[in-house]
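One-letter residues, chain by chain:
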Amino acid sequence: MELKCKVQTYDWGKHGIDSTVAILMKSSNSDFILDEKKPYAELWIGTHPNGPSHMKELNISLKEHIKKNSEVLGNNVQKMFDQELPFLFKVLSVNKALSIQIHPNKEQAKELHEQYPNIYKDANHKPELAIALTPFEALCGFRPIRDIQEFLKILPELRAVIGVDKVLKFMTIDEADPAEALKTCFHSLMTCDPGIVALQLRKLLDRLSNLDESLRHTLHASLLERLYSDFPGDVGCFGIYFFNYITMQPGEAIYLGPNEPHAYLSGDCVECMACSDNVIRAGLTPKLKDVPTLIEMLSYVCEPASTKRFQPSREDECTEVFRPPVPDFAVAKITIPPGRTSYNIIPRSTVSILIIINGKGEIAPSKVLNRGSVIFIPANEEIGIKVLCGCHPMLMFQAFVNV
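Owing to the predicted nature of the structure, the values given are computational and were not obtained by experimental measurement.

### Concerning the pairing of strand 25 (residues 394-400)
Here is step 1: The buried fraction of strand 25 is high, at 7 of 7 residues.
Here is step 2: Burial along strand 25 is two-sided: the residues Met394, Met396, Gln398 and Phe400 and Leu395, Phe397 and Ala399 are all buried.
Here is step 3: With 6 bridges connecting them, strand 20 (residues 352-358) and strand 25 associate as antiparallel partners. By the bridge assignment, isoleucine 353 is partnered in strand 25 with alanine 399.

### Considerations on the layout of surface pockets
Here is step 1: Considered as a void within the structure, the largest pocket measures approximately 940 Å³ in volume.
Here is step 2: Along its surface, the largest pocket is lined by 47 residues, and Lys126, Asp277, Asn278, Val279 and Arg281 are the ones closest to its centre.
Here is step 3: Among the elements of the structure, strand 5 (42-45), strand 8 (87-94), strand 14 (262-274) and strand 15 (280-283) are those that each provide at least two residues to the lining of the largest pocket.
Here is step 4: With 3 residues, strand 14 is the largest single contributor of residues to the lining of the largest pocket.
Here is step 5: Across the lining of the largest pocket, the residue classes tally to 20 nonpolar, 10 polar and 17 charged.
Here is step 6: Here the second largest pocket defines a volume of roughly 230 Å³.

### Considering the UniProt feature "domain: Phosphomannose isomerase type I catalytic" (unreviewed entry) in the protein
Here is step 1: Using the residue numbers shown here, the UniProt feature "domain: Phosphomannose isomerase type I catalytic" (unreviewed entry) corresponds to residues 2-144.
Here is step 2: In residues 2-144, helix accounts for 23% and strand for 28%; the two terminal C-alpha atoms are 46 Å from one another.

### So, the sheet that holds strand 19 (residues 342-345)
Here is step 1: The sheet built from 4 strands is open, its strands ordered 19-24-21-22 with antiparallel pairing. Each edge of the sheet is formed by a strand with only one pairing partner; in this case those strands are strand 19 and strand 22 (367-369). Averaged over all neighbouring strand pairs, the angle between strand axes comes to 30°, with direction disregarded.
Here is step 2: The sheet contact formed by strand 21 (residues 361-363) and strand 22 spans 3 bridges and is antiparallel. What sits directly across from glycine 361, in strand 22, is leucine 369.

### Overview of the environment of valine 279
Here is step 1: Along the chain, valine 279 turns up in the loop between strand 14 and strand 15.
Here is step 2: For the pair formed by valine 279 and asparagine 105, sequence separation is 174 residues and the distance between their alpha carbons is 11 Å.

### Quick notes on helix 1 (residues 20-28)
Here is step 1: Among all positions in helix 1, only Thr20, Val21, Ala22, Leu24, Met25 and Ser28 are buried.
Here is step 2: The inward-facing, buried residues of helix 1 abut strand 2 (6-8), strand 4 (39-40), strand 5, strand 8, strand 14 and strand 20.
Here is step 3: Structurally, the start of helix 1 carries an N-cap: the backbone nitrogen of valine 21 is 3.2 Å from a side-chain oxygen of serine 19.

### Here's the deal with unusual backbone geometry
Here is step 1: Despite not being glycine, leucine 284 shows a phi value in the positive range, around 55°.
Here is step 2: Here leucine 284 shows up in the loop between strand 15 and helix 12 (291-297).
Here is step 3: The exposure class of leucine 284 is buried, given its relative accessible area of 1%.

### Quick look at the sheet that holds strand 18 (residues 330-336)
Here is step 1: One open sheet accounts for 6 strands, arranged 16-17-18-25-20-23; its pairing is antiparallel. Only two strands of the sheet have a single partner each, and these edge strands are strand 16 (313-314) and strand 23 (374-377).
Here is step 2: The pairing of strand 17 (residues 319-322) with strand 18 spans 4 bridges and is classified as antiparallel. Its bridge partner lying in strand 18, glutamate 320 is registered against lysine 333.

### So, a nonpolar patch on the surface
Here is step 1: Side chains of Tyr116, Ile119 and Leu288 sit close together on the surface and give an oily, nonpolar patch of about 290 Å² of accessible area.
Here is step 2: Note that tyrosine 116 resides in the loop between helix 4 (106-115) and strand 10 (128-132).

### Re the state of the cysteines
Here is step 1: For the structure on display, the rule yields 0 disulfides.
Here is step 2: No disulfide involves cysteine 5; its sulfur sits 13 Å from the nearest other cysteine sulfur, which is in cysteine 272.
Here is step 3: We note that cysteine 318 lacks a disulfide partner, and the nearest cysteine sulfur, in cysteine 389, lies 16 Å from it.

The rules behind each value
Residues numbered from 1 in each chain as written. Predicted model: local features only at pLDDT ≥ 70, side-chain atom pairs only at ≥ 80, totals over all residues. Heavy atoms only, no water. Buried < 20%, exposed > 50% of the residue type's maximum accessible area, 1.4 Å probe, protein only. Helix = DSSP H or I, 4+ residues; strand = E, 2+ residues; numbered from the N terminus. Pairing = 2+ DSSP bridges. 1 Å grid on protein atoms, 1.4 Å probe; cavity = no way out; pocket = protein on both sides within 12 Å on 5 of 7 lines; lining within 4 Å. Points joined across faces, edges and corners; volume = space filled by probe spheres on them. Nonpolar A, V, L, I, M, F, W, Y, C, P; charged D, E, K, R; others polar. UniProt positions renumbered as here; feature names shortened; annotations may be inferred. Axes fitted to C-alpha atoms, helices over the stretch in contact; angles between N-to-C directions. Contact = heavy atoms within 4.5 Å. Polar contact = N/O pair within 3.5 Å; in protein donor to acceptor, adjacent residues only side chain to side chain. Patch = residues over 30% accessible without salt bridge, like charges linked within 9 Å, V, L, I, M, F, W, Y side chains within 5 Å. Areas by Shrake-Rupley, 256 points an atom, 1.4 Å probe, with all protein chains shown as cover. Salt bridge = Lys/Arg side-chain N within 4 Å of Asp/Glu carboxyl O. Disulfide = S-S within 2.5 Å.

What follows is the structure, given as structure tokens:
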């Protein structure tokens with residue numbers, strides 16, 4: 001059954017027809033009116049109360065349909081998650097940086113929800129997987145210690161914000177156990193007086209403008225200038241010297257576990273996560289920042305950018321699957337090559353949701369799937385797709401429960 005899904009118009013989204021989210025909505029919903037001045041940031045697919053999906057033909061919410069027909073989830077899902085869809089599926093179109101953020105683990109989410117229910121509105125964890133649809137930029141996890149130390153050596157502005165005594169201590173830490181010194185250093189950065197931060201950022205930007213292109217590249221000058229133009233004076237701009245900067249090509253993915261620092265910077269992606277909207281923010285945002293909580297919960301693990309990429313496994317000639325180390329979700333990427341006229345989607349023992357990103361197809365009985373169509377598939381259902389436009393690859397993503 002086809003779903004009608006919610007669009008979120010957050011400020012950081014791409015505007016009008018530049019947004020993949022808008023294009024998908026326009027292609028699949030005849031009543032959608034595209035506004036070129038509006039930012040179309042996220043397409044939400046699932047049962048989360050902040051953006052619930054509805055059954056197009058039944059005129060009821062997906063949550064209500066599942067509650068009335070819980071067998072659609074599959075036996076293992078019902079045993080583990082009761083009568084709930086445990087994942088939230090999304091498409092994101094990012095024009096400017098999302099906040100530097102982390103997501104708590106289950107135990108922490110429960111505590112935060114009990115203490116601050118108006119800020120942290122559910123008690124669930126939020127591990128997430130992002131698969132690029134276009135070239136996609138992100139900050140993800142702490143850089144290796146030596147990389148951070150190198151930036152501190154050549155950036156007096158960064159040293160001034162953190163404090164000379166803390167920098168000196170950080171430069172001599174034991175690489176085998178850097179967590180405490182890194183925590184002290186990062187805490188000092190994130191709690192620095194905003195006036196000092198603004199002054200040192202301005203000094204750094206002025207200095208970068210006079211450097212040769214090679215050194216500008218080493219110091220991520222263009223990225224800093226872009227972040228500063230969107231968030232002038234924000235301490236999060238200095239985060240690029242602590243976090244791995246990653247550029248993904250279409251089809252590449254990153255997985256973000258609990259308390260892993262990250263910020264999406266630009267591009268379009270498919271994203272899947274546990275059904276939660278818990279976000280602890282600390283920079284590059286006009287929204288509420290909870291720096292003490294973020295500092296305390298952060299995972300201070302330092303790894304190279306290469307370790308952040310999450311690899312799929314191949315299931316057949318058209319399907320590869322990304323299986324994170326959590327039961328809440330997995331995502332299959334399905335590519336039907338040009339010239340092929342049909343494909344049988346691999347049956348799943350759990351409920352799944354399919355979105356068409358490119359191409360056009362037909363499923364029985366005579367239901368046409370356009371770009372942007374979202375289909376709810378009950379557990380163990382067999383779906384065959386007839387390709388209606390075979391001159392280009394047909395691209396689909398299928399989220400299901402990883403049990």
